[in-house]
Amino acid sequence: PELSARGGKKLTPISLDQAEDELHAAADTGANLLLFGEDNYPDRLARFEDAPIALTYMGDISLLQKPALAIVGARNASLNACRLTEAYARALGAESYAIISGMARGIDRAAHEGSLATGSIAVLANGIDIAYPKDNTDIYEKLGANGLILSEMRVGTQPASRLFPIRNRIIAS
């Protein structure tokens, strides 16, 4: 509440019933909640004044403890750019880096494909239960099984352009 007040906003806590509903909705999708202050909560993100109080996740939460690099880029990237990105992500993963990206088409997807075997983290600008864009459903499923998917949005939140900058601060942290 203090940080919210400094930003000129009033924080209205959710009710216990709403919190329980969110826990159940996450569990129904096979996801879990990671709360600010818990052991696996990313240290770099915790330093942000607007750090999310909760992250919903699916997959290997221990990836948040690895050194990480973000790779993001054009959605309409050339085939050569995607191949190069995939090769860079694979090489960085082999050096024990987790690769963080936003699961968008193009460069983001190539980064995830290149790092899936060594540690790939997708940060979504929508609810954890929604694979967006739809043509990335296959990589979404692979990330849930062999990587990590994170979102600070409530389950069921549809992607919207205003949510991408919010998501990007997590990728950048």
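Being a predicted model, the structure only gives us computed values, none of them experimental.

Time to look at the sheet that holds strand S2 (residues 54–59). Sheet architecture is open: six strands sit in the order S1-S2-S6-S5-S4-S3, paired in mixed fashion. On the outer flanks of this sheet lie strand S1 (32–35) and strand S3 (68–70), each paired with one strand and no other. Taken pair by pair, the neighbouring strands of this sheet meet at an average axis angle of 30°, ignoring direction. Where strand S5 (residues 120–123) meets strand S6 (residues 148–151), three bridges bridge the pair, whose relative direction is parallel.

Attention now moves to the nonpolar core. Counting residues in hydrophobic clusters, the biggest one holds 17 residues, and the most contacted among them are Leu 34, Leu 55, Leu 64, Ile 121, Val 123, Leu 148 and Leu 150. Elements with a minimum of two residues in this core: S2, strand S4 (98–101), S5, S6 and helix H7 (164–172). Those residues in contact with Leu 148 that sit more than four places away from it in its chain are Tyr 57, Met 58, Gly 59, Asp 60, Ile 61, Leu 63, Leu 64, Ser 120, Ile 121, Ala 122 and Leu 143.

Here we come to the pattern of salt bridges. As enumerated under the stated definition, the model contains seven salt bridges in all. For Arg 105, the salt bridge identified is with Asp 135, shortest N-O distance 3.2 Å. Here Asp 135 lies in the loop between S5 and helix H6 (137–146) and Arg 105 lies in the loop between S4 and helix H5 (107–115), a separation of 30 residues in the sequence. Exposure remark for Arg 105: the relative accessible area of 38% places this residue in the partly exposed category.

Glancing now at the packing of helix H4 (residues 79–94) against H5. Their axes nearest at 7 Å, the elements H4 and H5 cross at an angle of 35°. By crossing handedness, the relation of H4 to H5 is classed as right-handed. Across from Ala 81, Cys 82, Thr 85, Glu 86, Ala 89 and Arg 90 in H4, the residues of H5 making contact are Ile 107, Ala 110, Ala 111, Glu 113, Gly 114 and Ser 115. Counted by class, the contact of H4 with H5 contains six nonpolar, three polar and three charged residues.

Take empty space enclosed by the protein next. According to the stated counting rule, one finds one cavity of 30 Å³ or more in the structure shown. In terms of lining, the largest cavity is formed by Pro 42, Arg 44, Leu 45, Leu 55, Leu 64, Ile 100, Ile 121, Val 123, Leu 150, Ile 170 and Ser 173. For the lining of the largest cavity, the secondary structure elements donating two or more residues are helix H3 (43–46) and S5. Split into classes, the residues belonging to the lining of the largest cavity amount to nine nonpolar, one polar and one charged.

Analysis parameters
Residues numbered from 1 in each chain as written. Predicted model: local features only at pLDDT ≥ 70, side-chain atom pairs only at ≥ 80, totals over all residues. Heavy atoms only, no water. Pairing = 2+ DSSP bridges. Helix = DSSP H or I, 4+ residues; strand = E, 2+ residues; numbered from the N terminus. Axes fitted to C-alpha atoms, helices over the stretch in contact; angles between N-to-C directions. Core = buried A, V, L, I, M, F, W, Y, C linked by side-chain atoms within 4.5 Å. Buried < 20%, exposed > 50% of the residue type's maximum accessible area, 1.4 Å probe, protein only. Contact = heavy atoms within 4.5 Å. Salt bridge = Lys/Arg side-chain N within 4 Å of Asp/Glu carboxyl O. Left-handed = near helix turned anticlockwise from the far one by under 90°. Nonpolar A, V, L, I, M, F, W, Y, C, P; charged D, E, K, R; others polar. 1 Å grid on protein atoms, 1.4 Å probe; cavity = no way out; pocket = protein on both sides within 12 Å on 5 of 7 lines; lining within 4 Å. Points joined across faces, edges and corners; volume = space filled by probe spheres on them.

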